[in-house]
Every structure is written in structure tokens, then in C-alpha cells.
Amino acid sequence: MSKAQIVGWSHSQFGKTEYPDTEALMASVVAPALEHAGVGAEDVDGIFVGVLNGGFSKQEFQGALVGMVEGSLAAVPSVRLENACSTGSSAIYTAMDFIESGRGRMALVVGAEKMTAVPTERVSDILLGGSYRKEEADVEGGFAGVFGRIAQNYFQRYGDRSEELAMIAAKNHANGVNNPLAHMRKDFGFDFCNQVSEKNPRVAGPLRRTDCSLVSDGAVALVLADEETAANLNRAIGFRARANVNDVFALSRRRDVLAFDGPRAAWRKALEQGGVTLDDLSFVETHDCFTIAELIEYEAMGLAPQGEGYKVVRDGTTAKGGRLPVNPSGGLKSKGHPIGATGVSMHVMAAMQLMNEAGGIQVPDAKLAGVFNMGGAAVSNFVSILERVK
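Residues numbered from 1 in each chain as written. Predicted model: local features only at pLDDT ≥ 70, side-chain atom pairs only at ≥ 80, totals over all residues. Heavy atoms only, no water.

Per an unreviewed UniProt entry, the protein chain goes by the name Acetyl-CoA acetyltransferase and belongs to Tianweitania aestuarii.

Here it is, written out as C-alpha cells:
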């Protein structure tokens, strides 16, 4: 079986953009991604599109939009994936399955979302669709309220970690300053992130505005090819391992909602499959939709025992110059979180690091990358271990 490898990409700047819809956002990245890979539209055997939508636009059937923005791709089989905040990774993994099954040699993956054209209250309701509405629809604060409850429960069990959440927010914003693709390129500092104020109010439970990722527009495209094809191209990023593990949708039915069993199992499987440990990784891009998520993810990946994630924040382990830098890109917190594009973005950010093309956010001598992308409250969990092959 020939493994799928990343051979090219294109990444729009995230933020509130002038692009009116996902079609325009896709148009900004499709042709540049093919050019970056050094291939033509005629080489693409399948197209895999990640868009949440859920009410951001009346336009559905968005897998067909790539053929609209690049007419020579109109006849190529195309499918749209939706898997909450892990939509982008779902599109990548499905494209990899397509290649590794032998059905095609090259695939184009496009992740996109236009979120800023609808009112804030509408955004909150759309995102709440990533929770189990039968039980969680009345959570105050929408999806932020879901993670607000998780944070509240965590504090009750392990102590108030508001300061550590502020440290995570400050770290990621400081990292994002040097990322030209980031939505919010501003170093807010610990004091601002830690202080509840008019500009940093509480949003849900103990979570402040700086604990929550940004509502963003954006698009990212990447090209995957089988090993034989990739060998003749300019670059190749391989997957040392990849794992996808789900957990129970309804939080009420979890063994322990604070354990993040799904992410924990995905990390364990990926590390075992890759024959590596966390000590072998150069950095991690993890899913900080909320700072409490990043804190618990430290524990799920094995950086700290459950309830002790705060220690790796305080000792600098996850800082850019630390033992295992986490979110050198700025993460979702600074870079932004256009839902369908996020998983694709995380993989592209990792690929840029491994190619030593990450500019101001470059981690020195990056050899092995960990990527964790999740959908919902740790429901759909994807872990990739990436390495440079060429």
C-alpha cells in the first residue's frame, strides 16, 4: 500500500475578510495550492471539501464549489465532509483513505468557512450544533457554555486554574504575533488575559473572552499524493502515524467528562503506531478552541497526570522555547478558528515547520510534529504524527 503524503498547500489569512462567501475563499487557495505542489488540475483524481456551514450560508452542496472556482476541476469527483470542528482533518483522512486504497494517486483537500457575515447570536446557535442538543441546547452561552461547564467542573475538582488559563491565552497570542496568517496578531500579555474587565468580560462560567477562540473566515488547501508520485515532486510530508477515535456525543454519558478519553486514546494509538513518545516530538499544534481544552489536552496527550496540566504551563514546557512547544502558530486562540478550515490549517502549519518555512514562528530544527484536532467537546479526535520525507 502506497502511503499518502502532503506535497503542497496554500493558506489564506484568517480573520474578518472581504471574501463574501466560501466560494470566494476557496478560489483564493485552490490554484495556489496546485502551483505550490507543482501539479496541474488534470493530475487531481479526487476532491475532498471540509465545510461545517450549519447555517452560516444558505448554499449547501459545497463540495461542488471547487469545480466552480477552478473550471478544469469540474469533472473531478468531489465530496464534502462535515464533522464539527474536526471537519478539516476528516477531509484529509478521507482523502488519504482514497489514495491508500488505490482509487487515486492525487487528491485536493480544501477546508473553508465564512463565519463573520452572520450576527454573533446566530454564530453561537450554529456552533451549539456541535453539542448534543437533546440535552445541551439550553446551556447558557452556547458552545462556550459547554466548555464553561467543563472548566467549572475542572476547577471544582482540581482547584481554580484561571491563572494558568490566562497563561495559555497569553502564550498563544504572543506566538501569533509572528504569524502573518493569524487573525489576531497582538500580544495581550498575562495581566490582561487574567483580569476580568470591560474588554475581557466573562463569557461562560469562569471563561473570559481571552479564553475563547476567535470567530473567523478562512480557507486552506493542501495536495496529497501517493509515495511514488510524491517522489517526483518538490516536497513531501509523510504521516508517521494517524489515529481517529470518537467518544460518546452526550457529555452526560461519559465515564469522566474531564478525562478526555477520546483524545487520550487517539494520542496513545498514534504514538504507538509511530513508535515514538512525546519526547521525540519537536512541537505540537493542538486544538485550543478554549484555553481549558488546551489545559486538559496536556493531560490527555501524556504531558502531565490528570489534574496537573497546570504544571507544564507554569514551568514553561509548552512555551515556544520549552521542551515541547505547543501551538507555535498561535493556535486557534490567535490564528482563528474558521471551522471547516481549522484541521487543514493545523496540518499545513506543521508541514511549514517541518520544511523550515515557518518564518517568525519557526521552531528550530523541527523534525517530528504532533497535530491534535477535535470535533465537539472531545467527541471526534484526530492525532497525526508528521515528518519530512523530502
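Here the narrative resumes.
Moving on: the packing of aromatic side chains. Throughout the structure, instances matching the rule amount to 7 aromatic pairs. Seen from the ring of Y310, R161 lies directly overhead, with NZ or CZ sitting 3.7 Å from the centre. (Phe/Tyr/Trp six-rings, centres within 6.5 Å; stacked < 30°, edge-to-face > 60°. Lys NZ or Arg CZ within 6 Å of the ring centre and 35° of its normal.)

Turning our eyes to something else, we now look at helix α7 (residues 142-158). Between its first and last C-alpha atoms α7 spans 24 Å; for 17 residues at 1.5 Å apiece the expected length is 24 Å, and the two agree. Listed as buried for α7 are G142, F143, A144, G145, V146, F147, G148, I150, A151, Y154 and F155. Against the buried residues of α7 lie α5 (120-127), α8 (162-176), β5 (202-204), β6 (207-208), α12 (291-301) and β10 (368-375). (Helix = DSSP H or I, 4+ residues; strand = E, 2+ residues; numbered from the N terminus. Expected span 1.5 Å × (residues − 1). Buried < 20%, exposed > 50% of the residue type's maximum accessible area, 1.4 Å probe, protein only. Contact = heavy atoms within 4.5 Å.)

Taking 1.5 Å of rise per residue, 14 residues should cover 20 Å, and helix α11 (residues 261-274) covers 20 Å from first to last C-alpha, within 8% of that figure. Residues G262, P263, A265, A266, W267, A270, L271 and G274 constitute the buried set of α11. Those residues of α11 hidden inside the fold are in contact with β8 (237-246), β9 (283-285), α12, β10 and β11 (380-388). Just beyond α11, the residue with positive phi is G275, at close to 65 degrees.

Buried residues dominate β10, accounting for 8 of its 8 residues. With burial as the criterion, each face of β10 is covered, one bearing L368, G370, F372 and M374 and the other bearing A369, V371, N373 and G375. Pairing analysis gives 8 bridges linking β10 to β11, with the strands arranged antiparallel. Residue pairing for β11: N373 is matched across the bridge by F382. With antiparallel pairing between neighbouring strands as the criterion, β10 and β11 make up a hairpin whose turn holds 4 residues, including G376 at a positive phi of roughly 70 degrees. (Pairing = 2+ DSSP bridges.)

Turning our attention to the UniProt feature "domain: Thiolase N-terminal" (unreviewed entry) in the protein chain. Taking the UniProt record as the reference, the feature "domain: Thiolase N-terminal" (unreviewed entry) is found at residues 6-183. Regarding residues 6-183, the helix share stands at 43% and the strand share at 13%, and the terminal C-alpha atoms are separated by 25 Å. (UniProt positions renumbered as here; feature names shortened; annotations may be inferred.)

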